[in-house]
Structure formats: structure tokens, C-alpha cells
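Residue strings, one per chain:
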Amino acid sequence: MANIKFVKEEKEIIAADGANLREKALENDIDIYTMMGKITNCGGYGQCGTCIVEIIEGEENLSERTDFEQRKLRKKPDSYRLACQTLVNGPISVNTKP
């Protein structure tokens, strides 16, 4: 089981190993999108890059960055991930809308 702590929202949820970070956030009413992202997001298909989150702790408990993430986040810190492309396999702390 994976504990996902959303720092800004002061909320912690439990997810099965391999859970998609974007799906778990939305299922638990965690808003991961900025205003433009709410309008232009691709629905979790990894096409738009609007679901950027910052991993504060537990990067080692996540899936590897996908090729799309490598391209979209190349100028961002290594701690930034696209929630729709990230699978959680252990405890993490997340900063939404960095």
C-alpha cells in the first residue's frame, strides 16, 4: 500500500501499489490543475503536460519518467512529474501546482 500525502491540501490518502497519481488525486478531490490546465487538460492521456506536481519525498517509490515526461519536463527540476504518467509504489509527499 502507498500513502500519498498532499502537502498544500494537508490531506493523506492510501492507494494500492501501482496506482496512478492523477487518478488518486482526482478521486479524492485534490485539485492538481491551474486555471488553464482545467480548461486545456487532455484527461490523463499524457498529451498536454498540465498536471505537473512536485515530489517532495519518496521519488524512489515512483515509476520511471516516461519519454513524454522527459521531453515535457526537460527544463524542470528532477522532482517534477506529470501526475497522469506517474505510478505510485510506496509512500510519497506531493506539492500540487508547483
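The protein is annotated in an unreviewed UniProt entry as (2Fe-2S)-binding protein of Lusitaniella coriacea LEGE 07157. Reading the Sequence similarities (unreviewed entry) entry of the UniProt record for the protein gives the comment "Belongs to the adrenodoxin/putidaredoxin family." According to the UniProt record, the Cofactor (unreviewed entry) comment for the protein reads "[2Fe-2S] cluster".

**Observations concerning the overall build of the protein**
Of regular secondary structure, the protein possesses three helices and seven strands. When the helices and strands of the protein are read in sequence order from the N terminus, they spell out β-β-β-α-α-β-α-β-β-β. Taken over C-alpha atoms, the radius of gyration comes to 12 Å for the protein, in line with the 13 Å a tight globule of 98 residues would show. In terms of principal-axis extent, the alpha carbons of the protein reach across some 30 × 25 × 20 Å. Put simply, the protein has 98 residues, and 46% of those count as buried. In the protein, the proportion of contacts linking residues at least 24 apart, taken out of those at least 6 apart, comes to 58%. Carbon and sulfur atoms form 46% of the exposed surface of the protein, whose accessible area is close to 5600 Å².

Analysis parameters
Residues numbered from 1 in each chain as written. Predicted model: local features only at pLDDT ≥ 70, side-chain atom pairs only at ≥ 80, totals over all residues. Heavy atoms only, no water. UniProt positions renumbered as here; feature names shortened; annotations may be inferred. Helix = DSSP H or I, 4+ residues; strand = E, 2+ residues; numbered from the N terminus. Rg over C-alpha atoms; globule rule 2.2 N^0.38 Å. Buried < 20%, exposed > 50% of the residue type's maximum accessible area, 1.4 Å probe, protein only. Contact = heavy atoms within 4.5 Å. Areas by Shrake-Rupley, 256 points an atom, 1.4 Å probe, with all protein chains shown as cover.

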